[in-house]
Amino acid sequence: MNVNGRHYRTIWTEERGGEETLCIIDQTALPHEFRTIELKTVDDVCRAIRDMHVRGAGLIGAAAAWGVWVAARTAPEGDFSGFMAESMGKMRATRPTASNLAWALERQKKALAGLGRKDAVAAAHAEAQAIADEDASFCRRIGEHGLAIIREIAARKGGKPVHILTHCNAGWLAFVDYGSALSPVYAAFDAGIPVHVWVDETRPRNQGASLTAWELGMHGVPHDLVADNAGGHLMQHGMVDMVITGTDRVTRRGDAANKIGTYLKALAAYDNTVPFYVALPSSTFDFALSDGVREIPIEERKADEVRVMSGLSEKGALERVLICPQKTPARNWAFDVTPARLITGLITERGVCEASEKGILSLYPEQA
Ligand code: MRU
């Protein structure tokens, strides 16, 4: 996607200081500053994922895949396989909910099986590039399939804007390019369909306010930021035509984990017969799990993410402020699970299906 007229992916390699270097957009600095950072060691990669300089299911997967290349080229002489196993274990432990992370590491493990150090560096590079390219192309296809749904709603509305509510950030910043939930929005906008997005702020880390609003603004898509709790009211008053969210893990029967608060939006959508779609590439399915509420591991992050907010002060300085009494304890679950029965459909790179085992297997028969 374009940032101030230049095309960026969220993760890439380029020649810096005479060697090929892994680079990312630092998402903790957005929307107030656009900066990139270099990841030179496995610890750099782990920190970037854990502290959310990179985040979002697809991008976490791509970062781990590139992290394997970083590990292979920095492994000490003499203990290549021990170092690789330890590095993959460290990366896997950074964030537990999105399935893309473990999926990408498994792909790399297979690609490197039986290779010595020199061949492993080349193979890890090729596999990381393939994973990144596939992520981008699958997300582009999600956009095409989602576009058909938006087009149909637009036709029914006779030229009036289609109002789409989204939660958190499942745009191009959450993947390598295009995004999942926002890819159909960009496709519709680019096709000249009038769209407008309600952007949930997404407490506690505010990915909606800081990332989705920034992305949509860069692309010129009309949008309004709303408080997290506004969605139900908007739906009751006919101000939402559809909801599209991303997801971090979908079970074989269609239960979807996504940013905390998504479940409440799905309940409100169900009560108001507003279609609720979940968009994902196949790397986000976890075919080993069935019951999402019981089986998907939910990350719990530091309490201070709830207690402290950061932003730009009136003087233009980035500041952190405590929003509760000094000693108030807090809990911070990062995700919740929306049961399949509340989901109208899953938008994947292979097409749109019902959120059920039957629907999913109709698109992915090889998983039967
Ligand atoms: O904690 P994050 O920012 O990594 O969470 C991921 C998300 O942005 C959302 O849950 C998103 O909708 C799914 S990731 C494509």
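Residues numbered from 1 in each chain as written. Predicted model: local features only at pLDDT ≥ 70, side-chain atom pairs only at ≥ 80, totals over all residues. Heavy atoms only, no water.

Digging into the overall build of the protein
Working step 1: A tally of regular secondary structure across the protein gives 12 helices and 18 strands.
Working step 2: Relative to a compact globule of 368 residues, whose C-alpha radius of gyration would be 21 Å, the protein shows 20 Å and is just as compact.
Working step 3: With respect to the principal axes defined by its C-alpha atoms, the protein has extents near 65 × 55 × 45 Å.
Working step 4: Among the 368 residues that make up the protein, the fraction classed as buried is 54%.
Working step 5: Contacts in the protein between residues at least 24 apart in sequence constitute 73% of all its contacts with a sequence separation of at least 6.
Working step 6: Within the structure as shown, the protein displays about 15,700 Å² of accessible surface, and the carbon and sulfur contribution to it stands at 51%. (Helix = DSSP H or I, 4+ residues; strand = E, 2+ residues; numbered from the N terminus. Rg over C-alpha atoms; globule rule 2.2 N^0.38 Å. Buried < 20%, exposed > 50% of the residue type's maximum accessible area, 1.4 Å probe, protein only. Contact = heavy atoms within 4.5 Å. Areas by Shrake-Rupley, 256 points an atom, 1.4 Å probe, with all protein chains shown as cover.)

Comments concerning unusual backbone geometry
Working step 1: The step from Leu30 to Pro31 runs through a cis peptide bond, and the omega angle for that step is 5°.
Working step 2: With respect to the secondary-structure elements, Pro31 resides in the loop between strand E4 (19-25) and strand E5 (36-39).
Working step 3: Note that the residue after Arg203, namely Pro204, is joined by a cis bond; omega there is 5°.
Working step 4: Its place among the elements puts Pro204 in the loop between strand E7 (195-200) and helix H7 (207-219).
Working step 5: Not every positive phi belongs to a glycine, and Thr202 is a case in point at roughly 75°.
Working step 6: Residue position: Thr202 is located in the loop between E7 and H7.

What about the nonpolar core?
Generally speaking, nonpolar side chains in soluble globular proteins are found buried as a group.
Working step 1: Ile11, Leu22, Val68 and Met84 are the most contacted members of the largest nonpolar core, which has 39 residues in total.
Working step 2: Among the secondary structure elements, those contributing two or more residues to this core are E4, helix H1 (42-50), helix H2 (57-74), helix H3 (80-92), helix H4 (99-112) and helix H5 (117-156).
Working step 3: The biggest single contributor to this core is H2, with 13 residues.
Working step 4: In this structure Val68 touches Met84, Met88, Met91, Leu105, Gln108, Leu112 and Ala124, once residues within four positions along its chain are discounted.
Working step 5: The next biggest cluster of nonpolar side chains, apart from the first, holds 36 residues, and it includes Ala188, Ile193, Trp214 and Leu216. (Core = buried A, V, L, I, M, F, W, Y, C linked by side-chain atoms within 4.5 Å.)

Things to note about the packing of aromatic side chains
Working step 1: Taken as a whole, this structure holds eight aromatic pairs when the rule is applied.
Working step 2: Here the aromatic rings of Phe34 and Trp214 are separated by 6.1 Å at their centres, their planes lie at 15°, and the arrangement is stacked. Of this pair, Phe34 sits in the loop between E4 and E5 while Trp214 sits in helix H7; the two residues are 180 residues apart in sequence, bridging distant segments of the chain.
Working step 3: Measuring from centroid to centroid gives 6.3 Å for Phe287 and Tyr364, while their planes differ by 55°, and the two rings are tilted. Remark: Tyr364 occurs in the segment after helix H12 (357-363) and Phe287 occurs in the loop between strand E13 (285-286) and helix H10 (292-295); sequence separation between them is 77 residues. Pair check on accessibility: Phe287 and Tyr364 agree, each one buried.
Working step 4: Ring-pair connections join several aromatic residues into one group, and the members of that group are Tyr8, Trp12, Phe34, Trp172 and Trp214.
Working step 5: The ring of Phe335 carries Lys259 above its face, with NZ or CZ at 4.1 Å from the centroid. (Phe/Tyr/Trp six-rings, centres within 6.5 Å; stacked < 30°, edge-to-face > 60°. Lys NZ or Arg CZ within 6 Å of the ring centre and 35° of its normal.)

Some remarks on the side chain of Arg249
Working step 1: Examined against the element boundaries, Arg249 turns out to sit in strand E10 (residues 249-251).
Working step 2: Among the residues examined, Arg249 registers a relative accessible area of 11% and is labelled buried.
Working step 3: Not counting the four nearest positions on each side in its chain, Arg249 is found in contact with Pro96, Thr97, Ala98, Ser99, Asp255, Ala256, Ala257, Thr284, Asp286, Leu289, Ile296 and Pro297.

Notes on the sheet that holds strand E3 (residues 11-16)
Working step 1: One open sheet accounts for three strands, arranged E3-E4-E5; its pairing is antiparallel. Only two strands of the sheet have a single neighbouring strand rather than two, namely E3 and E5. This sheet shows a mean twist of 45° between the axes of neighbouring strands, independent of strand direction.
Working step 2: The pairing of E3 with E4 spans six bridges and is antiparallel. Directly across from Thr13, in E4, lies its bridge partner Leu22.
Working step 3: Across the sheet, H1 lies against E4 and E5, angled at about 135° from E5, the strand it touches most. (Pairing = 2+ DSSP bridges. Axes fitted to C-alpha atoms, helices over the stretch in contact; angles between N-to-C directions.)

Focus: the environment of Phe287
Working step 1: Note on Phe287: relative accessible area 14%, which makes it buried.
Working step 2: When the C-alpha atoms of Phe287 and Arg253 are compared, they prove to be 8.5 Å apart, with 34 residues separating the residues in sequence.
Working step 3: Setting aside residues no more than four positions away along its own chain, Phe287 makes contact with Arg252, Ile360, Tyr364 and Gln367.

These values are about where atoms sit, not about what they do.
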